Amino acid sequence: MGNAISFPRQQARTQRFTLGAPRTFTVTPDGGHVYFLRTATATSRANGLWVFDTATRAEKLLVDPDTLLADPEDLSPEERARRERSREQAAGIVGYATDTDVAQAVFALSGRLFVVELASGAVRELPAAGSVIDPRLDPTGRKVGYVANGALHVVDLASGEDRAVAEPDGPDVTWGLAEFIAAEEMHRYRGYWFSPDGEHVLAARVDNAPVSRWYIADPANPATPAAEIAYPAAGTDNAVVEAFIIGSDGTRTPISWDREAFPYLTTASWSSHGRPLLQVQSRDQRHVQVLAVGPDGVEVVADDTDPHWLEIVPGAPGWTPDGKLVRVLPVDGANRLLVGDEVWTPDGFQVRSVLDVAEDVLVTASTDDPTQVHVYRVNADGVERLSTEDGVHGAVRGGDVLVLSSSGLGHFGARTTVSTGGEIGSFAETPVLTPEVRLLTVGERGLRAALLFPTGHTSGTKLPVLLDPYGGPHAQRVLSARNAYLASQWLADQGFAVLVVDGRGTPGRGPEWERAIAFDFAGATLDDQVDALHAVAAQEEDLDLTRVAIRGWSYGGYLSALAVLRRPDVFHAGIAGAPVTDWRLYDTHYTERYLGHPDERPEVYDTNSLIDDAPKLERPLMIVHGLADDNVVAAHTLRLSSALLAAGRPHTVLPLSGVTHMTPQEQVAENLLLLQVEFLKRSLG
């Protein structure tokens, strides 16, 4: 392709090089076929449904969204909000669901409902009662469920009958959808689950009436009314979530638990291996119960506590085929896999997710190196690593076939290999630059860091330093994966030594490490950035500590503003993108997990928020915020800016009209990088 295109433009138009890469895999039970989503080119945004034949290793486009839509996609506000929660930026078929036999699949396209016979590729559209959200087949393949206008519908495929099995009984009620807090913080994007025989549905009823109403305006278009959102800020009321078993005959049986003590429904499932499972959580997240629902009522099958909090682990809890409960808990310094009452994973083995439960359990985990995530098969006899190359891996299993997705430092993007042989192709564009990254372990806490110099850097030339962290809980930046450092390398090529650091609170290093930030965002996470900077500079003479900047987005934005406000002796400029500046304005589940309830610990919120620090600013600070952001709302930036102005402290604010927390717009994403570099060079001299 050559170097005709700049990296910022290339990264923006390829959505960070995700377009054209295969994703969302499903393997047939016999292992004969793998279905997946992929866009047709590296710059087209519409995903199609593809199939890979494991015998012939041939790929075929099964469903092309362009043949089904004559007009541009038209998404409902509810679907746009759902995609924002899941950080979905693509178009076309962004999700699909199959029956147990993987004979059919359903998907929504522009709010319309489609079902495809997978063997033939024949597609038909089903009439729907509104703009369709989250369509799913029942396990037997006889029925399709979907949500429209807050009502849960079930369609009988043979007769075509469409029944609303649960309809809203109030203006703030929805059935079958995840509420804001579940989707944003618990990674529960669903709100209904079919029984194995398709005759019943486990459904969530959400009442948002108690939740505070916030309003997201579009100042660039003053004639447009502000959008109303139900936002549960720290210390305020959450939505009321209930669960029911709904029969095909219309009967509705409530699932009873102590919702006062356990208001959060964190996970739910209804596998073929056993009774429906619900995991519920106390508001302070220190107490979790797993509930099994049977004909005789609700049984508490696990009751776990932790003095700080219990993490929600993807894929857990679940049932083994012989009815043993599978869960992940902190035990003896590690996040361990428990099957029944037995611990199945060894010391130092940090389970990150449960991928599949059969006679054995498929998990992702890290061991002594948190920058690497591997796929393991675990049973009562021990642990077997299935991913052989260094890097970050995930997997999907069907029958005896494993589809492994692998990222590493030696290649761009993820490679998708099939255990029977062959590789599912990627159309993703090759970046115009190649990161030259050094992974380091530094300081007394063994902080993991990545250091990048300009391409072709000559030793002996002093460079300004740019820290480029996320730095908060639930996310890692320092990984053994090349694509993780593309933007950092481009920034380095503009004349910086770029340092990426994962401090305390980041995943992969065990419960003690994750809980070290309890009640102390501002202290622990900032101290680790400073300690890593000084430790690396002690080894690398080319780092100029008289010119140090920091930039970040979301928690990284908070950390960047925090750095220049509280450690101007170290940081000489900062760029804070979509920063949380007052934790009382962020949501309940995330904030209260780490900082407690603001009514009970007001001093913790004061210590960890930034507004009162405004008079301390003595370094250049640029604050960037999307005005349509409904996750970290623009009020965070506006309040800090007002406080800085009141204190007479000059600063720069870059408001992004119409931009959400994701900044998906191509020109915005491109120019943001360019403007940041210009600001940094000007600020550091």
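Residues numbered from 1 in each chain as written. Predicted model: local features only at pLDDT ≥ 70, side-chain atom pairs only at ≥ 80, totals over all residues. Heavy atoms only, no water.

Section: the overall build of the chain
Put simply, the rule is: Secondary structure elements are taken from DSSP: a helix is a run of H or I of four residues or more, a strand is a run of E of two residues or more, and numbering for both begins at the N terminus. Radius of gyration here uses only the C-alpha atoms, and the compact-globule reference equals 2.2 Å multiplied by the residue count raised to the power 0.38. With a 1.4 Å probe rolled over the protein chains alone, any residue whose accessible area is under 20% of its type maximum counts as buried; one over 50% counts as exposed, and the rest are partly exposed. Here the accessible surface of atoms and residues is derived via Shrake-Rupley with a 1.4 Å probe, and residues count as covered only by protein chains that are part of the display. When charges are counted, Lys and Arg contribute as positive and Asp and Glu as negative, whereas His and the chain ends are disregarded. The atom standing in for a charge is NZ when the residue is Lys, CZ when it is Arg, CG when it is Asp and CD when it is Glu.
When you go through the chain residue by residue, the secondary structure sums to 12 helices and 44 strands. Its C-alpha atoms give the chain a radius of gyration of 25 Å, within 12% of the compact-globule value 26 Å for 685 residues. Projecting the C-alpha coordinates of the chain onto the three principal axes gives extents of approximately 70 × 60 × 55 Å. Here the chain holds 685 residues, and 57% of them are scored as buried. For the chain, the accessible surface area stands at approximately 26,600 Å², while carbon and sulfur atoms represent 49% of it. Distance from the positive charge centre (58 side chains) to the negative charge centre (92 side chains) of the chain: 4 Å.

Some remarks on the packing of helix α7 (residues 521-539) against helix α8 (residues 555-566)
As a reminder, the rule being used: For helices, the fitted axis covers only the stretch in contact; all axes are lines through C-alpha atoms, and the angles between them, taken along N-to-C directions, range from 0 to 180 degrees. Working definition: roughly parallel below 35 degrees, roughly antiparallel above 145 degrees, roughly perpendicular at 65 to 115 degrees, and oblique for all remaining angles. By the convention used here, residues are in contact when the closest approach between their heavy atoms is within 4.5 Å. Under the scheme applied here, ten amino acids are nonpolar (Ala, Val, Leu, Ile, Met, Phe, Trp, Tyr, Cys and Pro), four are charged (Asp, Glu, Lys and Arg), and all others, including Gly, are polar.
One can describe the packing of α7 onto α8 by two numbers: an axis separation of 10 Å at closest approach and a directional angle of 80°. If you check the angle between α7 and α8, you find them roughly perpendicular. On α8, the residues that touch Phe521, Ala522, Thr525, Leu526 and Gln529 of α7 are Tyr555, Tyr558, Leu559, Leu562, Ala563 and Arg566. Counted by class, the contact of α7 with α8 contains 8 nonpolar, 2 polar and 1 charged residues.

Considering the sheet that holds strand β11 (residues 143-148)
As a reminder of what qualifies: When DSSP finds at least two bridges between two strands, those strands are taken to pair.
The 4 strands lie next to each other as β10-β11-β12-β13, forming an open sheet whose pairing is antiparallel. One side of each edge strand has no neighbouring strand; the edge strands of this open sheet are β10 (133-137) and β13 (162-166). Each strand axis lies, on average, 25° off the axis of its neighbour in the sheet, ignoring direction. In this structure, strand β12 (residues 151-156) lies alongside β13, joined through 4 bridges in antiparallel fashion. Residue pairing for β13: Leu152 is matched across the bridge by Ala166.

Re helix α3 (residues 77-86)
Burial in α3 covers these residues: Glu79, Arg83, Glu84 and Arg85. Structurally, α3 contributes buried residues whose contacts are with β5 (91-92), β10 and α4 (180-186). Taken from the residues just after α3, Arg87 is the one with a positive phi, measuring 60°.

Things to note about unusual backbone geometry
The step from Ala316 to Pro317 runs through a cis peptide bond, and the omega angle for that step is 0°. Positive phi values are uncommon outside glycine, yet Arg87 reaches one of about 60°. Its place among the elements puts Arg87 in the loop between α3 and β5. Positive phi outside glycine occurs at Asn149, with the angle close to 55°. In this fold, Asn149 is placed in the loop between β11 and β12. Residue class for Asn149 comes out exposed when judged on its relative accessible area of 64%.

Some remarks on empty space enclosed by the protein
Rolled over the atoms, a probe sized like a water molecule indicates the empty space that remains. Definition in use: Method remark: on a 1 Å grid restricted to protein atoms, a set of points is classed as a cavity if a 1.4 Å probe fits but cannot get out and as a pocket if it is open with protein on both sides within 12 Å along at least five of seven lines; lining residues have an atom within 4 Å of a point. Grid points are joined across faces, edges and corners, and a volume is the space filled by probe spheres set on the points.
Applying the stated criterion across every chain yields a total of 3 cavities of 30 Å³ or more. Put simply, the largest cavity is a space of about 130 Å³. Lining of the largest cavity is provided by 13 residues; of these, Gln279, Glu311, Arg327, Val328 and Leu329 occupy positions nearest its centre. Listing elements by their share of the lining of the largest cavity, those giving two or more residues are β23 (287-294) and β26 (325-331). Looking at which element gives the most residues to the lining of the largest cavity, the answer is β26, with 3 residues. Tallied by class, residues from the lining of the largest cavity come to 9 nonpolar, 1 polar and 3 charged.

A few points about the pattern of salt bridges
Side-chain pairs of opposite charge can arise whenever the charged atoms involved come near each other. Let me state the cut-off plainly: By definition here, a salt bridge exists when the distance from a side-chain nitrogen of Lys or Arg to a carboxyl oxygen of Asp or Glu is within 4 Å.
Following the criterion strictly, the structure yields 43 salt bridges and no others. Between Arg397 and Asp356 there is a salt bridge, and its shortest N-O distance comes to 2.8 Å. Of the two residues, Arg397 sits in strand β33 (residues 392-398) while Asp356 sits in strand β29 (residues 350-357), which places them 41 residues apart along the sequence. With a relative accessible area of 25%, Asp356 lands in the partly exposed category. A salt bridge links Asp613 to Arg566, with the shortest nitrogen-to-oxygen separation between them at 2.8 Å. With Asp613 in the loop between α10 (602-608) and β43 (621-626) and Arg566 in helix α8, this residue pair connects regions lying 47 residues apart in the sequence. Each of Asp356, Asp360, Arg377, Glu384 and Arg397 takes part in one network of salt bridges that share partners.

Describing the UniProt feature "domain: Dipeptidylpeptidase IV N-terminal" (unreviewed entry) in the chain
To be explicit about the condition: UniProt positions are given in the numbering used here, feature names are shortened, and annotations may be inferred rather than shown by experiment.
When the UniProt feature table is mapped to this numbering, "domain: Dipeptidylpeptidase IV N-terminal" (unreviewed entry) covers residues 109-393. Strand forms 48% of residues 109-393 and helix 2%; the C-alpha atoms that close the span are 30 Å apart.

Focus: the sheet that holds strand β40 (residues 497-502)
Spatially, β37-β38-β40-β39-β41-β42-β43-β44 is the arrangement adopted by the 8 strands of the open sheet, whose pairing is mixed. Looking at strand neighbours, the two that pair on one side only are β37 (437-442) and β44 (652-656), the edges of this open sheet. Neighbour to neighbour, the strand axes of the sheet diverge by 20° on average, direction disregarded. Where strand β41 (residues 543-553) meets strand β42 (residues 573-577), 5 bridges bridge the pair, whose relative direction is parallel. In the sheet register, Ile550 faces β42, and the bridge partner there is Gly574. In the packing of α8 onto the sheet, contacts are made with β41, β42 and β43, and the angle to β41 comes to roughly 140°. Along the sheet face, helix α11 (residues 635-646) touches β43 and β44 and points at about 150° away from the line of β43.

Observations concerning the side chain of Arg448
Here is the rule we go by: Between N or O atoms, a polar contact is any pair within 3.5 Å; within protein, one atom must be a potential hydrogen donor and the other a potential acceptor, and residues adjacent in sequence are included only when both atoms are from side chains.
Along the chain, Arg448 falls in strand β38 (residues 447-452). A relative accessible area of 18% means that Arg448 is categorised as buried. Polar contacts involving the side chain of Arg448 include one to the side chain of Thr441, which spans 3.5 Å.

A few points about the environment of Leu109
Locating Leu109 in the fold gives a position in strand β7 (residues 104-109). When neighbours within four sequence positions are excluded, Leu109 is seen to be in contact with Pro65, Leu68, Leu69, Glu73, Gly92, Ile93 and Phe114.

A short note on the environment of Val206
Residue position: Val206 is located in strand β16 (residues 200-207). Take Val206: its relative accessible area is 0%, and that puts it in the buried class. Beyond its immediate stretch of four places on either side in the chain, Val206 contacts Asp172, Val173, Thr174, Leu177, Glu179, Ala239, Val240 and Val241.

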